[in-house]
Amino acid sequence: MRTPTTRETVRRWGTEAHLLLADDLLDSNPQAASDLLAKAIGLDRYNEALYVKAMHARHALGDADGIRTLLRALTKALADLDAEPHEDTIALATQLRKNSPDEN
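(A) Focus on the side chain of Glu48. Here Glu48 is to be found in helix α3 (residues 48–60). Buried charge Glu48 goes without a salt bridge, the closest partner of opposite sign being Arg97 at 13 Å. Within the structure, the side chain of Glu48 is placed 2.8 Å from the backbone nitrogen of His86, a separation counted as a polar contact.

The structure is reproduced here in structure tokens:
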């Protein structure tokens, strides 16, 4: 088994820090949370949990198009790995878009 490089370790820590801070900000400042999650996705574009959290942030902002864009970006990123988003992620995106004010 290969030991992670320092660069990989720092990337993981950075991603985790962005995710934790966004979690703290989601209720009080969803725009800041969304911005942090966009940066985290830039660090780790294959991390489905980041997209899921970002979908929640976009929902809190009432941005159904943003949720759709995130799902498309995730689908495209995972296609590089011959993978697809989990069914739960697709269902969540659909549900959040349905309940967004700009979709009604």
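Once you've had a look at it, read on.
(B) Local environment of helix α2 (residues 30–43). Taking 1.5 Å per residue, 14 residues should reach 20 Å; α2 reaches 20 Å between its end C-alpha atoms and fits that length. Three or more residues of α2 are buried, namely Pro30, Ala33, Ser34, Leu36, Leu37, Ala40 and Ile41. Mapping the buried residues of α2 onto a view down its axis gives an arc of 165°, with all of them on the same face. α2 presents Lys39 and Gly42 as exposed residues on the side facing more than 90 degrees away from its buried surface. The inward-facing, buried residues of α2 contact α1 (6–25), α3 and α4 (64–79).

(C) A look at the environment of Thr9. Considering the arrangement of structural elements, one finds Thr9 in helix α1. Expressed as a C-alpha distance, the spacing of Thr9 and Ala57, which sit 48 residues apart in the sequence, is 26 Å.

(D) Expanded view of the side chain of Thr15. Structurally, Thr15 can be placed in helix α1. The class of Thr15 is buried, set by a relative accessible area of 5%. A polar atom in the side chain of Thr15 sits 2.9 Å from the backbone oxygen of Arg11. Contact partners of Thr15, with chain neighbours within four places excluded, come to Ala40, Leu43, Asp44, Asn47 and Leu50.

(E) Examining the packing of α3 against helix α5 (residues 87–98) more closely. Direction vectors running N to C along α3 and α5 enclose 10°, while the axes themselves pass 10 Å from each other. Regarding the angle of α3 to α5, the classification is roughly parallel. Judged by residue contacts, Glu48, Val52, Met55, His56 and His59 of α3 engage Thr89, Leu92, Ala93 and Leu96 from α5. The residue inventory of the contact of α3 with α5, partitioned by class, reads five nonpolar, three polar and one charged.

Reading guide: rules and limits
Residues numbered from 1 in each chain as written. Predicted model: local features only at pLDDT ≥ 70, side-chain atom pairs only at ≥ 80, totals over all residues. Heavy atoms only, no water. Helix = DSSP H or I, 4+ residues; strand = E, 2+ residues; numbered from the N terminus. Buried < 20%, exposed > 50% of the residue type's maximum accessible area, 1.4 Å probe, protein only. Lys, Arg positive; Asp, Glu negative; His and termini not counted. Salt bridge = Lys/Arg side-chain N within 4 Å of Asp/Glu carboxyl O. Polar contact = N/O pair within 3.5 Å; in protein donor to acceptor, adjacent residues only side chain to side chain. Expected span 1.5 Å × (residues − 1). Arc of directions from axis to C-beta. Contact = heavy atoms within 4.5 Å. Axes fitted to C-alpha atoms, helices over the stretch in contact; angles between N-to-C directions. Parallel < 35°, antiparallel > 145°, perpendicular 65-115°, else oblique. Nonpolar A, V, L, I, M, F, W, Y, C, P; charged D, E, K, R; others polar.

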